[in-house]
Amino acid sequence: MHNVFLVVAASLACVVEMVEALTIILAVGVTRGWRSAIIGSGTALLGLAVVVAALGPALSALPIGGLRLVVGGLLLVFGLQWLRKAILRSSGFKALHDEDAIFRDEERAALAAPRGRERLDWYTFTVSFKGVFLEGLEVAFIVVTFGGAQHDVGLAALGAGISAVLTLVIGLCVHRPLSQVPENTMKYAVGVMLTTFGMFWAGEGAGVKWPGQDVSLLAILAYVVAGSMLLSWALRRKHTHLETIGALA
Amino acid sequence: MRHLKTFGTFWYDFIVGDDWRLAAGIVIVLAAGFLSAHHGVDPWWALPVAVSALLAVSTTDAARRVRVSSTTAVTGPAGPVDGA
């Protein structure tokens, strides 16, 4: 049960970052050629492998209590940020993230940039590298922290691997921006998972004894879902009311 | 100096994000939980309650600032509520 939860959480968290990186690669790859886009992405992946190799063992060697407190606290902060944005988007107080718009912006920028005569197109390389490295760093962080806290990096990496394969297959099939993926729903689910795990681990790390131990994860999950949905519902009502009285631009 | 600032900004955005009060609140709550748990009190219920309160305050305040920036738009441009 715990293992399934770990794989699902890591997988969901990673797929969001991978979709964003894939959108950037598709934008520059389609418009300026795949060679430099693939080289840029590959270089970024190599850099990430070094980062994971350097951080993974260091995290695993830390005492479990301190690790859970720090990692759980960070996950809790990340999760609350994601939940906050998802709630504000779903209630209408923040614009929905639009992958199509991002793709069009990247495409325009790619066409406007001057092409070099050298074999490697540095613009494509840099944009691909930047997208893959920054998004990949978040994926690596999720894998190392999720896996490190549970002393099972392999299982978290399996979740990330499943996401990578799924994202790649989707990317190859649609071969265009993945705006069809309900991004806010995905980010909401990731926010809920990060907050749930973060609260559980940080609590354990701080010395809290959760009633029912691991089973309390389900209760925390239900609590986070119910609380965030209630908050989203209340803010949506407020937004509708403000629109009705014309208090919003 | 510029690179150092960019580096610092990246990590601040990465870890703290749009609302620093969420991060600060979590640090305070966990520190209080740690001290309580090591003084014979088991405050397992306090963490979910505190997290809900922090999220409610942060989202409600962001919504209020959207309203304020909309209603004061005629007097001048208002800054964005959050990053993307």
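All of these numbers come straight from a predicted model, not from anything done at the bench.

## Side note on the overall build of chain B
- Per the secondary structure count, chain B includes 3 helices and 0 strands.
- Listing each helix as α and each strand as β along chain B from the N terminus yields α-α-α.
- Across the 84 residues in chain B, those meeting the buried criterion constitute 20%.

## Some remarks on the overall build of chain A
- Along chain A, the regular secondary structure elements total 8 helices and 0 strands.
- Across chain A, helices and strands are ordered from the amino to the carboxyl terminus as α-α-α-α-α-α-α-α.
- Here chain A holds 249 residues, and 44% of them are scored as buried.
- If you take every contact in chain A between residues at least 6 apart in sequence, the share linking residues at least 24 apart comes to 87%.

## A closer look at the confidence of the model for chain B
All names here are of chain B.
- Averaged over chain B, the pLDDT score is 78; the fraction of residues at 70 or greater is 77%.
- Confidence, expressed as mean pLDDT per element, reaches its minimum in chain B at helix α1 (residues 2-15) with 75 and its maximum at helix α2 (residues 20-37) with 92.
- Note on residues 73-84: pLDDT is under 50 here. Beyond four places in sequence and across chains, it has 13 contacts.

## Observations regarding helix α8 (residues 216-244) of chain A
Residue and element names in this part refer to chain A.
- Between the first and last C-alpha of α8 there are 42 Å, a value that for 29 residues agrees with the 42 Å anticipated at 1.5 Å per step.
- Among the residues of α8, I220, V224, G227, S228, L231, L235 and H239 are the ones counted as buried.
- Positive backbone phi, at 75 degrees, marks G246, one or two positions downstream of α8.

## Structural notes on the interface of chain B and chain A
- On the side of chain A, 32 residues touch chain B, which itself brings 33 residues to the contact.
- Counting only elements with at least two residues in the side of chain B that touches chain A, the list comes to α2 and α3 (46-71) of chain B.
- Take the side of chain B that touches chain A: its biggest share by element is 15 residues, from α3(B).

## Observations concerning the nonpolar core
All names here are of chain A.
- Counting residues in each nonpolar core, the largest one holds 75 residues, and the members touching the most others are A10, A13 and V143.
- Broken down by element, this core gets its largest block of residues, 15 residues, from helix α1 (residues 2-32).
- In contact with V143, other than residues within four places in its own chain, are A10, V153, A156, A157 and A160.

## Here we look at the confidence of the model for chain A
- Of all residues in chain A, 78% attain a pLDDT of 70 or more, and the chain-wide mean is 78.
- Per-residue pLDDT, averaged within each element of chain A, yields its smallest value for helix α4 (residues 99-112) of chain A (66) and its largest for α8(A) (91).

## Describing α2(B)
Residues and elements named next belong to chain B.
- When the terminal C-alpha atoms of α2 are compared, their 26 Å separation across 18 residues agrees well with the 26 Å that a helix rising 1.5 Å per residue should span.
- Taken as a whole, α2 has its buried residues at L22, A23, G25, I26, V29, L30 and G33. Summarising the axial view, the buried residues of α2 lie within an arc of 160 degrees, below the 170-degree limit, and thus occupy one face. Residues of α2 that are exposed and point over 90 degrees away from its buried face: W20, R21, V27 and I28.

## Quick look at the environment of N3(A)
- Position of N3(A) among the secondary structure elements: in helix α1.
- It is 9.2 Å that separates the C-alpha atoms of N3(A) and Q150(A), two residues lying 147 residues apart in sequence.

About the cut-offs
- Residues numbered from 1 in each chain as written.
- Chains lettered and ligands numbered in written order.
- Predicted model: local features only at pLDDT ≥ 70, side-chain atom pairs only at ≥ 80, totals over all residues.
- Helix = DSSP H or I, 4+ residues; strand = E, 2+ residues; numbered from the N terminus.
- Buried ≥ 20, exposed ≤ 12 C-beta atoms within 10 Å, placed from the backbone.
- Contact = placed C-beta atoms within 7 Å.
- pLDDT = per-residue confidence, 0-100.
- Expected span 1.5 Å × (residues − 1).
- Core = buried A, V, L, I, M, F, W, Y, C linked by C-beta atoms within 7 Å.
- Arc of directions from axis to C-beta.

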